[in-house]
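Topology and contacts: notes
Chain by chain, the residues run as shown.
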Amino acid sequence: MENSGAEPRVDHATDASASPLGLLDLLITRLAEPAVVLDGSLTIVSTNDAFATLVGADDTPVGKPLTAVLPGLTAETVAETIEQSGEYVSVRIGTAPERWAEFGFDRHGTHILCVGRDRGVDRRVELQRNRTAVTNLQRATPDLLGAESREAVAECIVETATDVLGLSGATLYLFDACRNVLWPAGVDGRPGADARAPVGGADDGIVREVFLEGTATTVESGDRYQPLGDYGVLHTVCGADQRDRQDCERRPGPGDERTGGRVDRLAERAVAALGRVDREATLRERDATHREQAERVTELERELSLVRRVHRVLVDADTVGDIESGICTALTASDWLSFAWVGRVRDGGVEPRAWSGAGSDYLETVSLSTDDPQAPPAVQTVASNQPTTVDAVAEDIGGHHWCRAAIARDFQAAVSVPLRADSVSYGVLTAYADQPVEWDDSLRSVFTELGDSVATAVRDRERQAHLAADTVVELDLRVTEPDATLERLAGTLGATVCCTEAIPVDGERTRLFLTVPGFDGDAVGGAARAVCGVDSLAAVADGDRYELVAREPTVVGRVVRHGGHLDTACVTDEEMSLTVTLAADADVRAFLDRLANGHADITLTARRQQPAETRSRDGIRRSLEAVLTDRQLEALQTAYGSGFFEWPRETTGEGVAEMLGVAQPTVNRHLRVSQRKLLELVFEDVA
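In what follows, the accompanying structure is described. (Residues numbered from 1 in each chain as written. Predicted model: local features only at pLDDT ≥ 70, side-chain atom pairs only at ≥ 80, totals over all residues. Heavy atoms only, no water.)

Brief notes about the pairing of strand S17 (residues 497–504)
Burial within S17 is extensive, with six of its eight residues counted as buried. Summarising the sheet, S17 and strand S21 (residues 565–571) pair through three bridges and their orientation is antiparallel. When the bridges of S21 are listed, Val497 appears paired with Val571. Here six bridges tie S17 to strand S18 (residues 510–515), and the two strands are oriented antiparallel to one another. When the sheet's bridge partners are listed, Glu501 is paired in S18 with Phe513. (Buried < 20%, exposed > 50% of the residue type's maximum accessible area, 1.4 Å probe, protein only. Helix = DSSP H or I, 4+ residues; strand = E, 2+ residues; numbered from the N terminus. Pairing = 2+ DSSP bridges.)

Okay, structure coming up:
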């Protein structure tokens with residue numbers, strides 16, 4: 001369009017914007033990014049709304065130095081950025097420690113255009129934070145490696161979650177398979193949306209659900225539930241700032257190193273640590289089992305060695321004295337028993353008969369009276385007829401005199417066992433160890449069985465001495481024991497009952513062969529049924545002879561069990577008169593004490609020493625007893641006493657078998673062997 005000559009029109013707005021500053025001012029107002037125009041001194045000349053919003057200024061920043069509005073920026077940094085075209089510099093915004101922006105600078109004449117872009121959290125800061133978190137997790141690894149229990153691992157994990165990862169709280173639930181319960185073994189910080197209570201099998205909450213399904217879950221509040229395999233569940237609580245950064249969301253951040261990822265790493269470490277603890281616990285249990293087995297093998301070898309030495313003594317010993325002294329020597333030959341002794345009850349106390357080891361003067365120092373309330377183990381065993389053990393003597397050193405005497409001789413543990421065979425006491429065996437000992441059931445049983453073996457050997461040697469003696473002692477005894485079985489039977493019948501044979505059956509029962517003149521079988525049977533202590537009664541002939549089994553100890557039974565021979569015994573309701581024989585060297589007083597057994601009142605009315613040759617019949621019998629077993633002798637005596645060898649027979653083999661409680665073929669075998677050995681004795685004597 002041509003000019004018609006009129007005066008030219010001036011567009012002031014265009015003229016204003018045509019200046020460099022005007023153009024820059026117009027440019028930044030049209031930019032969505034934060035931007036400012038600076039003069040040569042870096043003072044803000046103009047700005048747009050986006051920049052004011054970024055820096056959060058309450059009033060206009062125009063007229064202020066840019067370095068004052070952005071304290072993290074310096075004039076030198078701006079100058080360097082201007083020289084490097086296209087470069088940006090990262091600047092922290094305000095006081096928020098993790099809010100950053102990038103700014104680029106471009107010179108336009110005397111002014112500088114500054115354009116920024118809000119980065120929220122700087123990528124380098126995010127990466128550095130993640131590296132720091134990973135480093136801290138690695139530093140926490142030694143604590144996990146040092147944890148020795150599941151509970152310790154749980155505590156370490158939750159502390160790492162709060163102290164290292166900066167989470168607000170954490171709870172680690174461990175699964176108790178025995179109770180079917182998930183229980184909070186480790187807690188730290190805030191509980192978040194969790195109750196931190198044990199979760200039972202009937203609970204259908206999120207903890208149980210995550211454990212059973214094995215899938216991690218992040219709830220709306222930001223709390224995360226991470227399964228730990230068969231071990232349990234890890235619950236973590238995010239803070240408000242973490243939710244603002246969306247670090248707890250499932251959306252990955254830079255480098256995929258969000259808090260959720262670090263929680264996953266922590267959960268993996270928890271599973272690894274719990275697995276290690278379980279493996280180490282298994283190894284410790286296995287090592288403990290191996291140690292226990294090795295210790296038990298050592299103990300068994302020690303016990304076996306002790307038993308072998310004792311049994312060697314029992315086999316080789318010829319006399320009771322050899323047994324008693326040999327046992328003490330065998331016990332102290334071990335490396336842990338320092339003193340042993342054997343004693344028998346006499347005159348209201350325990351009389352030492354043999355001993356071995358260091359500290360023999362101990363027996364002269366302590367009281368062995370059965371009336372002493374603070375008596376040593378041997379006296380306690382005599383009183384109770386039960387083994388006595390002391391694991392650590394020093395524990396009672398203040399209360400008992402014998403403990404002080406024992407400790408003075410380095411006796412630190414003790415065991416005492418009764419020597420009993422067929423309910424007969426042959427004394428007490430006591431041993432002391434030079435170290436504390438745990439007398440468990442196994443070790444107690446070893447010493448108890450040793451005591452039984454020693455008692456049996458003593459009984460057999462006493463019987464052998466009786467059989468081999470050139471002379472015998474014949475005793476006439478009067479016994480008052482009104483509560484005994486035979487006295488009760490005689491009292492019920494109102495007659496005299498004579499016992500011609502006594503055969504021990506076991507520790508308590510005795511088979512007795514009786515004669516009751518003037519009474520028929522019905523009367524005797526009725527009386528026997530009315531008497532307590534009678535196990536059975538059977539007639540063994542058409543006359544007045546009977547076989548009675550007493551189920552409680554009797555005086556006549558104790559005569560045989562103690563090595564004596566019963567000649568005759570006649571019983572009334574008031575007393576019993578009996579004649580017995582013993583070996584010439586037998587201890588008559590000890591025999592009478594055993595016979596009384598604390599119940600009967602026994603009076604010795606006559607004592608006679610007789611040559612063995614005047615009792616040739618008894619000599620044959622004693623020789624027979626020496627070559628027959630107890631069971632063979634019992635069968636032969638029962639058969640003879642019941643009239644099996646009479647003609648015609650008064651009882652059959654089946655009847656004898658019934659009396660003995662065995663099969664008839666067994667009785668036939670016992671009788672055939674017994675008769676053969678008897679004939680060998682007879683014909684060898686003739687030869």
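Regarding the sheet that holds strand S10 (residues 232–237)
Strands belonging to one sheet form pairs held by backbone hydrogen bonds; the direction of such a pair is parallel or antiparallel. Strands sit in the order S7-S6-S10-S9-S8 across an open sheet of five strands; the sheet is antiparallel. At either margin of the open sheet sits one strand with a lone partner, and together these are strand S7 (181–189) and strand S8 (217–218). One ladder, built from four bridges, connects strand S9 (residues 224–227) with S10; its direction is antiparallel. The residue bridging Arg224 from the neighbouring strand is Thr236, located in S10. Each of strand S6 (169–176), S7 and S10 touches helix H7 (residues 150–163); the most contacted strand, S7, lies at about 40 degrees to it. (Contact = heavy atoms within 4.5 Å. Axes fitted to C-alpha atoms, helices over the stretch in contact; angles between N-to-C directions.)

Section: the sheet that holds strand S23 (residues 601–611)
Overall, antiparallel pairing links the eight strands, which are arranged S19-S20-S18-S17-S21-S22-S16-S23 in an open sheet. The open sheet has two edge strands with one neighbour each: strand S19 (534–539) and S23. For this sheet the average axis-to-axis angle between neighbouring strands, irrespective of direction, equals 20 degrees. By the bridge criterion, six bridges tie S21 to strand S22 (residues 576–583) in an arrangement that is antiparallel. Looking across to S22, one finds that Thr568 is bridged to Thr579. Helix H17 (residues 521–530) contacts S19 and strand S20 (545–550) of the sheet and is inclined by roughly 175 degrees relative to S19.

Focus on the environment of Glu474
In this fold, Glu474 is placed in strand S16 (residues 471–480). Owing to a relative accessible area of 11%, Glu474 belongs among the buried residues under this scheme. With 136 residues separating them in the primary sequence, Glu474 and Gln610 have C-alpha atoms 7.2 Å apart. Of note is the side chain of Glu474, whose polar atom sits 2.5 Å from the side chain of Arg608. (Polar contact = N/O pair within 3.5 Å; in protein donor to acceptor, adjacent residues only side chain to side chain.)

Brief notes about the pattern of salt bridges
Counted according to the given criterion, the structure contains 17 salt bridges. In this structure, Glu351 engages Arg346 in a salt bridge whose closest nitrogen and oxygen atoms are separated by 3.9 Å. Judged by relative accessible area, Arg346 falls into the partly exposed class, the value being 25%. The residue Arg509 makes a salt bridge to Asp535 at a minimum N-O spacing of 3.4 Å. On the criterion of sequence distance, the pair formed by Arg509 in the loop between S17 and S18 and Asp535 in strand S19 is long-range, its members being 26 residues apart. Using a relative accessible area of 39% as the deciding quantity, one classes Asp535 as partly exposed. (Salt bridge = Lys/Arg side-chain N within 4 Å of Asp/Glu carboxyl O.)

Overview of helix H8 (residues 206–213)
Every buried residue of H8 is accounted for by Val207, Arg208, Val210 and Phe211. Taken around the axis of H8, the buried residues stretch over an arc of 165 degrees, which confines them to a single face. Away from its buried face, by an angle of more than 90 degrees, H8 presents the exposed residues Leu212 and Glu213. As for H8, its buried residues are in contact with S6, S7, S8, S9 and S10. The positive-phi residue at the C-terminal boundary of H8 is Gly214, with phi of around 70 degrees. (Arc of directions from axis to C-beta.)

Regarding the nonpolar core
Buried together is how nonpolar side chains tend to be arranged in soluble globular proteins. Residues Leu477, Val556, Leu566 and Leu578 are the most contacted members of the largest nonpolar core, which totals 40 residues. Take this core: its biggest share by element is five residues, from helix H19 (residues 588–596). When near neighbours in sequence (up to four residues on either side) are disregarded, Leu578 contacts Leu475, Asp476, Leu477, Val479, Val555, Val559, Leu566, Thr568 and Ala569. Of all hydrophobic cores here, the second largest spans 36 residues; its members include Val320, Leu337, Tyr426 and Val458. (Core = buried A, V, L, I, M, F, W, Y, C linked by side-chain atoms within 4.5 Å.)

Everything listed is a geometric property; what it means functionally is a separate question.
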